[in-house]
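Structure assessment
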Amino acid sequence: MDIIQEPGKPDFVLLDNLTLEAFMENLKIRFQKGRIYTYIGEVVVSVNPYKAMNIFTPEYIKDYKGREFWEKPPHIYALADAAYKSMKRYMKDTCIVISGESGAGKTEASKIIMNYIASITNVSARAEIERVTGILLKSNVILESFGNAKTNRNDNSSRFGKYMDINFDFKGDPIGGHINNYLLEKSRVVHQQSGERNFHSFYQLLLGATEQTLTSLHLKRDVDAYNFTRQDQSNNSRSIDDKRTFREMTGAFKAVGFTHDEQKALFQLLAVILHLGNIEFVLNGDVVGVKNKQVLSQIAELLGTSADAIEQALLTRVVAARGEVISKLHTHEDTCFARDAFAKAIYERAFSWIVQRINTIIEVKLDITRYGKSTLIGVLDIYGFEIFDNNSFEQFCINYCNEKLQQLFIELVLKQEQEEYLREGIDWQNIDYFNNCIICELVEQPHKGIISILDEACLNVGTVTDVMFLEAMDKKLKGHGHYQSRRLSPTDKDLSHNQDFRIIHYAGKVRYSVVGFMEKNKDQLFQDFKRVLYKSSNKVISDMWPEGAQSVKEVTKRPLTAGTLFKNSMIQLVGKLSSKEPYYVRCIKPNEMKSPIQFNDDRCEHQVAYLGLLENVRVRRAGFANRQPYSRFLQRYKMLSSYTWPNHQCKGDKEAVQALIKDISSRPGILVNGKPGFEHDVAYGNTKIFIRTPNTLVTLEEQRVDLIQYIIVLLQKMWRGANARRRYKRTVATYKIMNRYRVYKMRCYLLEMSKRFHNVRKMRDLGKSVVWAQPPKVLTQLAEHMKLMHARWRAGHIVKSIPHDQWPLIQLKCAAYDALHGKRSNWLRQGKWEGNYLASMSDNAAQASSFQSVSNNIKAKHSFNKVVFSAHVRKMNKNNKSEDRALLVTDKLIFKLDPKKGYKPMTSGVLLRKVTGLSVSSSSNQLLVIHLDGHDDLVTCIHKTNPPNQDRVPEAIGCIMRVIKLEQNRDILVNVGKSIQVKLGGKTKTISFDETNGATSNFRKVSNTSIMLTTSTT
């Protein structure tokens, strides 16, 4: 926790001057800055923010889990975690006491605590944990509906006290729980103060239930139709909330495990109470009767009994004396009292039954011998100190409860302090504080206390009034320093004669009116009503009243009074809390307007007083304001000394802390309370360092803040360097792994291919059918070379099997393959390639001899070695005219011959070195274009073949390419396309094709730049 950056002081113990003004100023500053939690040591002071706050998220739960109080800013999660850790680590029962006035946020604090505990328990047992915690949380919804009401101070005020035990197994998982309720304000059922409402359950039923449900209960959807709900004039403002909360309540009933019949019985009891409030009585002489008997019949139907039995219980009372049964008629006043007592008793019994039913569902069912001893965390959500304009018996009991809890609080805080000092070997100093034991004794002391005096007045035979009770108190408590009345203080005009008395509580003076004390203390319900309800045909209602089974003639003991029952329950509660390690949440209501920004100084100061917060701070800092384990202290402050930074070399943490304190104290300028250094302000325990005043802690924090920025820079530098080195090593390692992996993949690939080609020589196709494995990327190029090597090896083997005289033909076909494969359809024809077709008797029988003679003459004249290719062609000239010609290709020159003139040469021939390329059609027509450098292209179409339409273009391409490669050692480009670009007469023209299954081909001019090669049937 950063003391310097926190607004105000995060712990009231750290206040420089402990005064009420300083306390209130710190509380106000933190509230205005949105800090609703502040510590007093390990006590949490919580101010109701009256707005939703983003400090209860899973991230916050994670931040506070397993942390100590001083490690993080104040939060109720820190207290819940401390209670859970103490319970789990040391197998100690713990309790969390939540106190404060109505509207201070006690119930919400208990929900937050239970949610936190549910969130940090083991995930492995999540289903059972969620079941138990779900029931505990959903039970709050039910108890709020039946136990909360709108008051002038709080729209959702708890009108009962609640103590909830959550049981845990040895692993720290919730396994069950138990709820105790205290002092339900049942008088609210029949009467509410101006501006207040009855319990929420009545309005939720009337406004939220379906029409069918209301009809079955004989109810109307109108709160003003019933005496017990129309006393408040502000019901409409909450009608929407009542409809919503009714749905939540019925959902909670189902989730907790209430059956449909049980829910129905509870709604019937609520309806019965509403109908009872509308019953009117009339006097017929001295006899009292029921005016509206139809309502009586409806009540009887809902209770599962007869209308006569209920009427008799309301109008008469059966008394058993000496074995005789006497029926005594009620007066009009008695009948009204009996009706109201009946309504209050039904509601109180229904509320107690709900609590018992929840306890039955969530009780611990595990076998201790198998699962070990269970531990528990108790959560006490109980009413705070109340001071109203008119304080009655309920406020008296509530304030007595707070006196008992304050007494326990001071005693346990002092006890914890003393035990810790003893454990740590620190001398204990007596602390002066206000001990409110005298006030508790004023209320509970046998024979002399107020409750005993009240019980005695209630037990007296005859008419004993509230005034007589006040007189008895004045007589017995005369001279007590904390009791006052008008008779004992005649000049005190704030007290009314024969009505008021005052108790000086630890929280201030409270004036009580004795009116109604006797009646509320007796809390009498005639046995007749219990017998009627026990005999109900509704089993749920019958089970609520087991004492109704007693015979009419059976004489029973007088029941304990409400005051005595409450006193006994408080003594038991204090006993429970005393046996546990306590943690406290003190809730404060900042204003009456429910505003998130308003801070009413007077209201808050009053609450600080009656919660005893200033007294708590005084006790906490009477010795040492702060104490921390040596390890934690070193962890936070070790950077302040070279003896402890970064790690100390001392014998232990205690010696290291002593060296650190001594080193800092020796520095100039360190002053604490006017003295140099602060060795005088600390004490060393066995495991903790004790710091007497907050100034020392603030000085340490200031020095830590000054150093922390340099440490951060150092840590950043070291971290960045380490991170860079780690990244470098990781990169080097990555490349090594990648390299080894590549080698591995290469080896695997080569081994696989070696395996596949192992018997390639013996294969019939010499490995052609072998499927090549997908190579790794690094071997892609190598794999292509390997495929080429295999193809060449295979080709070499195949070529070796071919006779030598056929090798030239194979070379020609290979050249044609390179130029045309995949570009020209059906380019490889079957049969022998002769080349010199004009000298062949089979192809040119009529003129073969003539051609041979001309060929020899040309050979003698131009000195070429051999004829490579010859054929009849149709030639296109630069004037767009086509004629029959013969094409002669030798190893030196290319000649055009005129077959009509005995193959007379038309030119002196074109040298092969002038040939720049060849063009052919992608289809099977016989176009052959020879591109020449410095001349028009030679545009021809081979024809007059034998057999007809024989495709000789591929052979011509192979011959020309082969002879140029052999003679000039160069490659020429062969263009294959659907249209061919040629140069004629110095112009570029395009040849396109019109093909049919004919035998004669011819060129036709289409335009100046376009020529069509047509093949038509002759």
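Data block above holds the structure.
Figured I'd write up the structure that's included with this text. What you see is a predicted model; the values in this text were computed from it and never measured.

1. A closer look at the overall build of the protein
- Scanning the protein from terminus to terminus reveals 30 helices and 34 strands.
- The C-alpha atoms of the protein give a radius of gyration of 55 Å, which is well past the 31 Å a tight globule of 1018 residues would have.
- Along the first, second and third principal axes, the C-alpha atoms of the protein reach 170 × 90 × 60 Å.
- Counting across all 1018 residues of the protein, residues that qualify as buried make up 51%.
- Contacts spanning at least 24 positions in sequence make up 63% of the contacts within the protein whose residues lie at least 6 apart.
- Put simply, the protein shows about 49600 Å² of open surface, and 51% of that area lies on carbon and sulfur atoms.
- Treating the 146 positive side-chain charges of the protein as one cloud and the 107 negative ones as another, the clouds have centres 16 Å apart.

2. Observations regarding the sheet that holds strand 20 (residues 682-684)
- Strand order in the open sheet formed by three strands is 17-21-20, with antiparallel pairing between adjacent strands. Looking along the sheet, the strands with just one partner apiece sit at the ends: strand 17 (626-629) and strand 20. When strand polarity is set aside, the average angle formed by the axes of neighbouring strands in this sheet is 20°.
- Direction of pairing for strand 20 relative to strand 21 (residues 688-691): antiparallel, over a ladder of three bridges. When the sheet's bridge partners are listed, valine 682 is paired in strand 21 with isoleucine 691.
- Along the sheet face, helix 14 (residues 393-424) touches strand 17 and strand 21 and points at about 125° away from the line of strand 21.

3. Topic: the pairing of strand 2 (residues 43-47)
- Burial of strand 2 is extensive: five of the five residues sit out of reach of the surface.
- Alternating positions in strand 2 separate into two faces, Val43, Val45 and Val47 on one and Val44 and Ser46 on the other, with burial throughout.
- Pairing geometry for strand 1 (residues 37-40) and strand 2, over four bridges, is antiparallel. Bridge assignment links tyrosine 37 to a residue of strand 2, and that residue is serine 46.
- Hairpin connection from strand 1 to strand 2: two residues lie between these consecutive antiparallel strands, with glycine 41 at a positive phi of about 70°.
- Pairing geometry for strand 2 and strand 16 (residues 581-588), over four bridges, is parallel. By the bridge assignment for strand 16, valine 44 is matched with valine 585.

4. Considerations on the environment of lysine 65
- Secondary-structure assignment places lysine 65 in the loop between helix 2 (58-64) and helix 3 (76-90).
- Taking the C-alpha atoms as reference, lysine 65 lies 26 Å from leucine 700; in sequence the two are 635 residues apart.
- Setting aside residues up to four positions removed in sequence, lysine 65 forms contacts with Asp81, Tyr116 and Ile120.

5. Quick notes on helix 28 (residues 807-820)
- In a regular helix each residue adds 1.5 Å, so 14 residues correspond to 20 Å; helix 28 covers 20 Å between its end C-alpha atoms and thus fits that length.
- Taken residue by residue, helix 28 has Leu809, Leu812, Ala815, Ala816, Ala819 and Leu820 as its buried positions. Each buried residue of helix 28 sits inside an arc of 120° when the element is viewed along its axis, so together they form one side.
- Structurally, helix 28 contributes buried residues whose contacts are with strand 27 (915-921), helix 30 (953-968) and strand 30 (973-977).

6. Here we look at unusual backbone geometry
- With an omega dihedral of -5°, the bond running from tryptophan 645 to proline 646 counts as a cis peptide bond.
- For proline 646, the position within the fold is in the loop between helix 24 (630-637) and helix 25 (653-665).
- Proline 947 follows asparagine 946 through a cis peptide bond whose omega is 5°.
- Backbone geometry places asparagine 949, a non-glycine residue, at a positive phi of 60°.
- Counting through the fold element by element, asparagine 949 comes out in the loop between strand 29 (938-942) and helix 30.
- Exposure remark for asparagine 949: the relative accessible area of 51% places this residue in the exposed category.

7. Description of a nonpolar patch on the surface
- Judged by side-chain polarity, Trp645, Leu714 and Met718 come together as a nonpolar surface patch covering roughly 260 Å² of accessible area.
- By the secondary structure assignment, methionine 718 is in helix 26 (residues 694-756).
- Here methionine 718 falls in the partly exposed class, since its relative accessible area comes to 46%.

8. Quick look at the packing of helix 24 against helix 26
- It is the contact of helix 24 with helix 26, at a shortest axis distance of 10 Å, that shows an interaxial angle of 40°. The pairing of helix 24 with helix 26 is recorded here as oblique in orientation. Contact with helix 24, carried on its side by Phe633, Arg636 and Tyr637, involves Leu697, Leu700, Glu701 and Arg704 of helix 26 and no other residues of that element.
- Taken together, the residues of the contact of helix 24 with helix 26 break down into four nonpolar, no polar and three charged.

9. Concerning the state of the cysteines
- With the rule as written, the count across this model stands at zero disulfides.
- No disulfide involves cysteine 95; its nearest neighbouring cysteine sulfur is the one of cysteine 401, lying 13 Å away.
- Of the cysteine sulfurs around cysteine 440, a residue in no disulfide, the closest is that of cysteine 437, at 6.3 Å.

10. Concerning the sheet that holds strand 7 (residues 174-182)
- Overall, mixed pairing links the seven strands, which are arranged 1-2-16-3-12-6-7 in an open sheet. With partners counted over all chains shown, the strands left at the sheet margins are strand 1 and strand 7, one partner each. Strand-to-strand twist in this sheet, taken as the mean axis angle between neighbours without regard to direction, amounts to 20°.
- Direction of pairing for strand 3 (residues 94-99) relative to strand 12 (residues 375-381): parallel, over a ladder of five bridges. Bridging from a neighbouring strand, isoleucine 98 pairs with aspartate 381 of strand 12.
- Contacting strand 1, strand 3, strand 6 (161-168), strand 12 and strand 16, helix 4 (residues 106-120) runs over the sheet at an angle of about 150° to strand 3.
- The sheet strands contacting helix 21 (residues 562-578) are strand 3, strand 6, strand 7 and strand 12, and the helix crosses strand 7 at an angle near 145°.

11. With respect to the packing of aromatic side chains
- Under the counting rule described, the total for this entry stands at 31 aromatic pairs.
- Plain terms: the ring middles of phenylalanine 253 and phenylalanine 267 are 6.5 Å apart, the flat faces sit at 80° to each other, and that makes the pair edge-to-face. Residue phenylalanine 253 is found in helix 8 (residues 239-256), and its partner phenylalanine 267 is found in helix 9 (residues 260-277); the two are separated by 14 residues along the sequence. Accessibility classification places phenylalanine 253 together with phenylalanine 267 in one group, the buried group.
- Clustering of aromatic rings is evident, with ring pairs tying together Phe146, Phe199, Phe202, Phe246, Phe253, Phe258, Phe267, Tyr347 and Trp353.
- For arginine 952, the ring lying beneath its charged end belongs to tyrosine 837, and the centroid distance is 3.8 Å.

12. Observations regarding the side chain of aspartate 381
- For aspartate 381, the position within the fold is in strand 12.
- The buried charged residue aspartate 381 lacks any salt bridge, with lysine 162 as its nearest oppositely charged partner at 4.5 Å.
- Side chain to side chain, aspartate 381 and threonine 107 meet in a polar contact 3.1 Å long.
- Beyond its immediate stretch of four places on either side in the chain, aspartate 381 contacts Ile98, Lys106, Thr107, Ser110, Gly161 and Lys162.

13. A few points about the pattern of salt bridges
- Applying the stated rule across the entire model yields 40 salt bridges.
- For glutamate 144, the salt bridge is made with lysine 111, and the minimal N-O distance between the two is 3.0 Å. Of this pair, glutamate 144 sits in helix 5 (residues 126-147) while lysine 111 sits in helix 4; the two residues are 33 residues apart in sequence, bridging distant segments of the chain.
- Across the pair glutamate 592 and arginine 603 runs a salt bridge whose closest N-O atoms are separated by 2.8 Å.

14. Details of the packing of helix 14 against helix 15 (residues 437-444)
- Relative to each other, helix 14 and helix 15 sit at 140°, their axes nearing to 9 Å. The angle between helix 14 and helix 15 falls in the class oblique. Pair helix 14 / helix 15 crosses with left-handed handedness. Along the contact surface, helix 14 presents Phe396, Tyr400, Glu403, Lys404 and Gln407, while helix 15 presents Cys437, Ile439, Cys440, Val443 and Glu444.
- Within the contact of helix 14 with helix 15, the residues separate by chemical class into six nonpolar, one polar and three charged.

Reading guide: rules and limits
Residues numbered from 1 in each chain as written. Predicted model: local features only at pLDDT ≥ 70, side-chain atom pairs only at ≥ 80, totals over all residues. Heavy atoms only, no water. Helix = DSSP H or I, 4+ residues; strand = E, 2+ residues; numbered from the N terminus. Rg over C-alpha atoms; globule rule 2.2 N^0.38 Å. Buried < 20%, exposed > 50% of the residue type's maximum accessible area, 1.4 Å probe, protein only. Contact = heavy atoms within 4.5 Å. Areas by Shrake-Rupley, 256 points an atom, 1.4 Å probe, with all protein chains shown as cover. Lys, Arg positive; Asp, Glu negative; His and termini not counted. Charge placed at Lys NZ, Arg CZ, Asp CG, Glu CD. Pairing = 2+ DSSP bridges. Axes fitted to C-alpha atoms, helices over the stretch in contact; angles between N-to-C directions. Expected span 1.5 Å × (residues − 1). Arc of directions from axis to C-beta. Patch = residues over 30% accessible without salt bridge, like charges linked within 9 Å, V, L, I, M, F, W, Y side chains within 5 Å. Salt bridge = Lys/Arg side-chain N within 4 Å of Asp/Glu carboxyl O. Parallel < 35°, antiparallel > 145°, perpendicular 65-115°, else oblique. Nonpolar A, V, L, I, M, F, W, Y, C, P; charged D, E, K, R; others polar. Disulfide = S-S within 2.5 Å. Phe/Tyr/Trp six-rings, centres within 6.5 Å; stacked < 30°, edge-to-face > 60°. Lys NZ or Arg CZ within 6 Å of the ring centre and 35° of its normal. Polar contact = N/O pair within 3.5 Å; in protein donor to acceptor, adjacent residues only side chain to side chain. Left-handed = near helix turned anticlockwise from the far one by under 90°.

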